[in-house]
Amino acid sequence: MSSSDPTTAYASKVVSGEIIAGNFVRASCERHLRDLVEGAARGLRFDPAEADRAFRFFPAMFTVTAGAKAGQPFHLLDWMTFVVGSLFGWRNADGTRRFRHAWLETGKGQAKSPLMGAIGLYMIGFNGVPRAEAYAIANDRDQAKVLFSDAVALCRAEIPGKDGATLESLGRVIIRGTGDNAWKIEVPAVGAKFLPVASQDSISGPKPIAVFADEVHEMRTDKAIQLWKAAIDKIPGDPLMILGTNTPAADQAVGTDYSEFYQRVAVGMIEDDSAFSYIARVDEDDDPFTDESCWVKALPALGVTYPIENVRRRVETAKHMPSERLATDRLYFGRPVGSSGFWLSDEAAWRAVLSGAPLDLDGLREIPCVLALDLSKKNDLTALSAVWRTDDDDLTAKLWYWTTEGGLDRREAEDRTPYKAYIEAGHLTAVRGEVIDYTYVAEQVRLICARQTVEALVVDPAYVSDFIAACEQIGLAVWRFMGPDLPEGSGLKIVTHAQGTRIAFEGRQLCMPHSISRLTDKILKREIVIEENKMTHVCAANTVLISDGQGNQAFDKQRQRGRIDGMVALAMAVGATKAERKGKRSYMEAGVLFT
């Protein structure tokens, strides 16, 4: 790719350190450079000419309407160049734009709203799409009009070099409503329109080419986003949804959930070729209250359109006011104050225990192993985990996943997870039919038992009878453990594992609070190695924990962001390997209390 390509030039400068940027922006730039090399295999290509067409449009048609650059041509800032170039330059094999969903997260005052307004005008009137429709959305009309008002201001501002003429005065656009009461922009030459709408507004058969939501961190529900995302997903060709925001606080659940999704897209934990993110935050080891050099990571327009003195005054005040410090940390420096974010307190620890290389299963043959199953009654996902435990209580884990061929396209769209790619890469197995046949899973268990030293299989009580029936169907001998005082059976021992936050008895037992606690402890101490699997990344990213009044934790299946079956299976197996002391037998060897 030519060095004259501004998008790639920006990405290269960020990765080299010439442009100071935070980890998430750097990850997005690394993704861009990586896809220039590897994207063709996935049908992706970057077209500098399409990106350049967009670059040239903004300063040719728009004047900056506010701030230090007011009255000057709307030249894109460096960070905007990377965003616009990525959105309009990347293409699929059929020529359509690659990115259909984008997330823009920066500190305050970085001109996200004017940028989105300008992109909306470009897409409805100057991008070759007749009768195009664009919408600025929010939970209420006043919020929706904030971004829309920036688009109106651009239409009423002087076109550079046109002696005071504007898009409105030339009749290129018609603005319905006067002053701050403008409610619609029309482009009569192509029959296009741009409107602000609230989630409760009734729109008859919208066919949006572009949807924009600003200040997503202020949204109390994602109703508006979901409604318009569904509309975008129905449109063929080049529709685009852009969500803009400051970094959300811990209790701003909508913004937090979306931000975490796009963070994981940026770093590669979730693969979604249709999703783009630009997340400008300071890094965890930065101290923005003592070191100004890190400010530009969250404020990429600092010193250009946003005066550095404004931030200095804010920081000085925040040093003496705790409440002001929290708000400054979040709104200006991108720190999600009070957020637990990832289900584990230290997400870096999770990444550290993932092994990129396949496990040497032959080398684990003599080490005791516990299996755990999270079974599905429906057509979503079933996960099987195996955890090996040494005498020193070090753990090694591997997971297998199954889904159904039936409804796979729908689930890919709903979950925004590339299941077909994961199936092709061997991370996931698809079985025929609309529901998962447990005999496929039982056969995998039989193979593991033949090759490894398996102590027991742990299962959710709700599905144990159905799985035992599947084992009988394939000729795998199993018996259900009902307590240490009852006689043992022959074959593979099956033990049930309680779900939820309840701890029924003291002493040895299998319950989720104990298992989650042990899993967390092992990860934070780096005493477990987990074979990397894309589905395990997905499940971990979707996990949310819930605590009761005593602090007992379980997986929150009401608030989970998607499939978490792998994490459930992993926690159950890890919990079942617990020993009283290092060098002692595990619960499976010593016997557990039946719950």
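Residues numbered from 1 in each chain as written. Predicted model: local features only at pLDDT ≥ 70, side-chain atom pairs only at ≥ 80, totals over all residues. Heavy atoms only, no water.

### Some details on the overall build of the protein
Next up, step 1: Within the protein one finds 20 helices and 21 strands.
Next up, step 2: With the C-alpha coordinates of the protein rotated into their principal frame, the extents come out at 95 × 55 × 45 Å.
Next up, step 3: Across the 595 residues of the protein, 54% fall into the buried class.
Next up, step 4: At a minimum sequence separation of 6, the contacts of the protein that also span at least 24 residues come to 69%.
Next up, step 5: Entry remark: accessible area of the protein is about 25,200 Å², with carbon and sulfur atoms responsible for 48%.
Next up, step 6: In the protein, which carries 70 positive and 80 negative side-chain charges, the distance between the mean positions of the two groups comes to 3 Å. (Helix = DSSP H or I, 4+ residues; strand = E, 2+ residues; numbered from the N terminus. Buried < 20%, exposed > 50% of the residue type's maximum accessible area, 1.4 Å probe, protein only. Contact = heavy atoms within 4.5 Å. Areas by Shrake-Rupley, 256 points an atom, 1.4 Å probe, with all protein chains shown as cover. Lys, Arg positive; Asp, Glu negative; His and termini not counted. Charge placed at Lys NZ, Arg CZ, Asp CG, Glu CD.)

### Here we look at the sheet that holds strand 10 (residues 275-279)
Next up, step 1: Spatially, the eight strands line up as an open sheet ordered 5-6-7-4-8-9-3-10, and their pairing is mixed. A strand with exactly one partner marks an edge of an open sheet, and here the two such strands are strand 5 (174-176) and strand 10. Strand-to-strand, the axes of this sheet are offset by a mean angle of 15 degrees, without reference to chain direction.
Next up, step 2: Strand direction decides the pairing type here: strand 5 and strand 6 (residues 184-187), joined by three bridges, are antiparallel. Looking across to strand 6, one finds that Ile175 is bridged to Ile185.
Next up, step 3: Across the sheet, helix 5 (residues 112-125) is in contact with strand 3 (101-105), strand 4 (133-138), strand 6, strand 7 (192-198), strand 8 (208-213) and strand 9 (240-245); its angle to strand 8 comes to roughly 170 degrees. (Pairing = 2+ DSSP bridges. Axes fitted to C-alpha atoms, helices over the stretch in contact; angles between N-to-C directions.)

### Focus on the packing of aromatic side chains
Next up, step 1: In this structure the tally under the stated criterion is 25 aromatic pairs.
Next up, step 2: A centroid spacing of 6.0 Å and a plane angle of 40 degrees characterise the contact between Phe194 and Phe212, whose relative ring orientation is tilted. Taken as a pair, Phe194 in strand 7 and Phe212 in strand 8 lie far apart in primary sequence, 18 residues in all. Comparing Phe194 with Phe212, the two get one shared label, buried.
Next up, step 3: Counting every residue linked through ring pairs, the aromatic cluster contains Phe57, Phe58, Phe62, Phe74, Phe88, Tyr122 and Phe126.
Next up, step 4: The lysine or arginine in question, Lys493, covers the ring of Phe481, its NZ or CZ lying 5.2 Å from the ring centre. (Phe/Tyr/Trp six-rings, centres within 6.5 Å; stacked < 30°, edge-to-face > 60°. Lys NZ or Arg CZ within 6 Å of the ring centre and 35° of its normal.)

### Quick look at the layout of surface pockets
Next up, step 1: The computed volume of the largest pocket comes to approximately 960 Å³.
Next up, step 2: Along the wall of the largest pocket there are 33 residues; nearest its centre are Glu271, Asp272, Asp273, Ser274 and Pro418.
Next up, step 3: Broken down by element, the residue count for the lining of the largest pocket peaks at four residues, all from helix 2 (residues 23-38). (1 Å grid on protein atoms, 1.4 Å probe; cavity = no way out; pocket = protein on both sides within 12 Å on 5 of 7 lines; lining within 4 Å. Points joined across faces, edges and corners; volume = space filled by probe spheres on them.)

These figures capture arrangement, not role.
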